[in-house]
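One letter stands for each residue in the lines below.
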Amino acid sequence: MAEPPDSHLRSRRGWLFSILPGTAWEFVFLIVPFLVVIAISFLSRGEYGSVARPWTFESYKRLAGFSLFGIEMLYPVILARSIFLALATALLCALAGIPLAFFIKGCQGTPRTIALVLLTIPVWTNLLVRTYAWQLLLGPQSWISHLASTLHLIKQGQALYPGTVAVLLCLLCDYLPFAALPIYASVEKLDQTLVEAAQDLGASKLQIFRHAIYPQIRPGLWAGFLLVFLPATGQFVIPDLLGGGKTVLLGNVLQQQFGPSRDWPFGAAFTTISMLLVLGGVVLYLKFSRTEKEVA
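Residues numbered from 1 in each chain as written. Predicted model: local features only at pLDDT ≥ 70, side-chain atom pairs only at ≥ 80, totals over all residues. Heavy atoms only, no water.

K.L.:
Where do I start with the overall build of the chain in this structure?
P.N.:
What the chain contains, in helices and strands, is twelve helices and four strands. A compact globule built from 296 residues would reach a C-alpha radius of gyration of about 19 Å, whereas the chain, at 24 Å, exceeds it by more than 25%. Dimensions of the chain, computed from C-alpha atoms along their principal axes, come out at roughly 75 × 70 × 35 Å. Buried residues in the chain amount to 35% of all 296 residues. (Helix = DSSP H or I, 4+ residues; strand = E, 2+ residues; numbered from the N terminus. Rg over C-alpha atoms; globule rule 2.2 N^0.38 Å. Buried < 20%, exposed > 50% of the residue type's maximum accessible area, 1.4 Å probe, protein only.)

Rendered as structure tokens:
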């Protein structure tokens with residue numbers, strides 16, 4: 001028996017009312033501010049740091065490395081360094097999160113709860129407190145610096161802080177729970193019979209992981225990768241405190257341009273390019289995952 005037209009109309013209205021609040025929220029607090037930032041990026045810096053006309057591409061030229069004194073690669077290098085450190089952090093967190101997730105799954109009852117609590121405890125602590133703690137752990141008198149000098153990774157008497165290694169270690173420590181928890185959610189639902197079938201067919205450990213384990217944990221793995229990569233790209237507290245001016249990243253440039261320098265057009269141009277790069281990565285991931293589903 002066919003449903004009356006009124007039921008279809010009511011279901012359509014219900015669907016529209018259900019998505020309207022979220023759509024309005026994203027439009028007002030995400031799309032509109034981003035469009036304003038894009039518009040500011042094409043304006044000029046006025047007197048005393050104000051935003052004024054004329055409309056220009058100077059901010060994007062400066063970001064690309066063109067200046068009054070020729071080619072200056074400072075800002076392209078900072079952008080590339082930010083993307084590289086974010087990718088390295090996301091990759092290391094994903095690699096460390098896989099065995100950690102399997103370890104937590106192997107625990108039963110109370111030990112599993114304790115393991116999950118220990119994994120999330122660092123997130124309970126303020127980011128500044130954790131960062132200052134890393135300054136002590138990587139200082140010249142710390143055992144980590146002594147071990148690094150013993151292994152001839154650094155010169156005798158030097159320290160890992162400040163520097164890029166200190167920034168990367170702190171990023172890895174701070175963002176590991178954001179990668180491990182989605183991976184654990186996928187590992188917990190792992191179909192063990194597929195793993196056993198691959199073992200019975202004589203597959204090696206690498207083949208078992210590639211064909212029986214990875215396809216099942218892939219959603220959590222890529223979700224954790226994105227949850228780490230996106231915030232790590234714009235991080236500025238950690239490189240500011242642990243980089244010591246040697247590891248300037250995207251967030252530091254934005255804080256400088258929108259703060260002390262008051263060069264909002266250039267800061268807006270930097271924001272626009274970085275957002276487009278991040279969104280491009282997300283779009284590529286979504287397209288790649290959709291293609292894999294179609295092939296499957």
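K.L.:
For this particular structure, what's the right way to read the packing of helix α4 (residues 110-124) against helix α7 (residues 164-188)?
P.N.:
If you want to describe how two helices pack, look at the angle between their axes and the distance between the axes. One way to put it is that α4 packs onto α7 with a least axis distance of 10 Å and a crossing angle of 155 degrees. If you check the angle between α4 and α7, you find them roughly antiparallel. Residue-level contacts link Arg112, Leu116, Leu119, Thr120 and Val123 of α4 to Pro177, Phe178, Ala180, Leu181, Tyr184 and Glu188 of α7. Split into classes, the residues belonging to the contact of α4 with α7 amount to eight nonpolar, one polar and two charged. (Axes fitted to C-alpha atoms, helices over the stretch in contact; angles between N-to-C directions. Parallel < 35°, antiparallel > 145°, perpendicular 65-115°, else oblique. Contact = heavy atoms within 4.5 Å. Nonpolar A, V, L, I, M, F, W, Y, C, P; charged D, E, K, R; others polar.)

K.L.:
Please explain α7 as it appears in this structure.
P.N.:
For α7, which comprises 25 residues, the first-to-last C-alpha distance of 35 Å matches the rise-based estimate of 36 Å (1.5 Å per residue) to within 8%. Its maximal kink placed at tyrosine 175, α7 deviates by approximately 45 degrees, while the proline proline 177 follows within four residues. (Expected span 1.5 Å × (residues − 1). Bend = angle between axes of the 7 residues up to and from the residue.)

K.L.:
How do you make sense of the packing of aromatic side chains when you look at a structure like this?
P.N.:
Aromatic ring pairs are reported here in terms of the distance separating the ring centres and the angle at which the planes meet. Enumeration according to the criterion identifies eleven aromatic pairs in this entry. The interplanar angle of 85 degrees and the centroid separation of 5.4 Å between the aromatic rings of phenylalanine 42 and phenylalanine 57 together place this pair among those described as edge-to-face. Of this pair, phenylalanine 42 sits in the loop between α1 (5-41) and β1 (44-45) while phenylalanine 57 is found in the loop between β2 (51-52) and α2 (58-64), placing the two residues 15 residues apart along the sequence. Taken together, a centroid distance of 6.4 Å and an interplanar angle of 15 degrees make the contact between phenylalanine 225 and phenylalanine 229 stacked. Of this pair, phenylalanine 225 and phenylalanine 229 both sit in helix α9 (residues 205-233), separated by four residues, roughly a single helical turn. Accessibility assignment for this pair places phenylalanine 225 and phenylalanine 229 in one class, buried. An aromatic cluster is defined as three or more aromatic residues linked by ring pairs; in this entry it consists of Phe42, Phe57 and Tyr60. Its guanidinium or amino end placed over the ring of phenylalanine 266, arginine 62 lies 4.0 Å from that ring's centre, counting from NZ or CZ. (Phe/Tyr/Trp six-rings, centres within 6.5 Å; stacked < 30°, edge-to-face > 60°. Lys NZ or Arg CZ within 6 Å of the ring centre and 35° of its normal.)

K.L.:
Would you mind showing me how to read the nonpolar core here?
P.N.:
One recurring pattern in soluble globular proteins: nonpolar side chains tend to sit buried together. If you look at the biggest cluster of nonpolar residues, it comprises 23 residues, and the most contacted ones within it are Leu138, Leu160, Val167, Tyr175, Val228, Ile238 and Leu242. Elements represented by at least two residues in this core include exactly α3 (74-106), α6 (143-150), α7, α9 and α10 (237-242). Counting residues per element, this core draws most heavily on α7, which supplies six residues. Other than its neighbours up to four places away in sequence, leucine 138 contacts Ile144, Ser145, Ala159, Leu160, Tyr161, Ala166 and Leu169. (Core = buried A, V, L, I, M, F, W, Y, C linked by side-chain atoms within 4.5 Å.)

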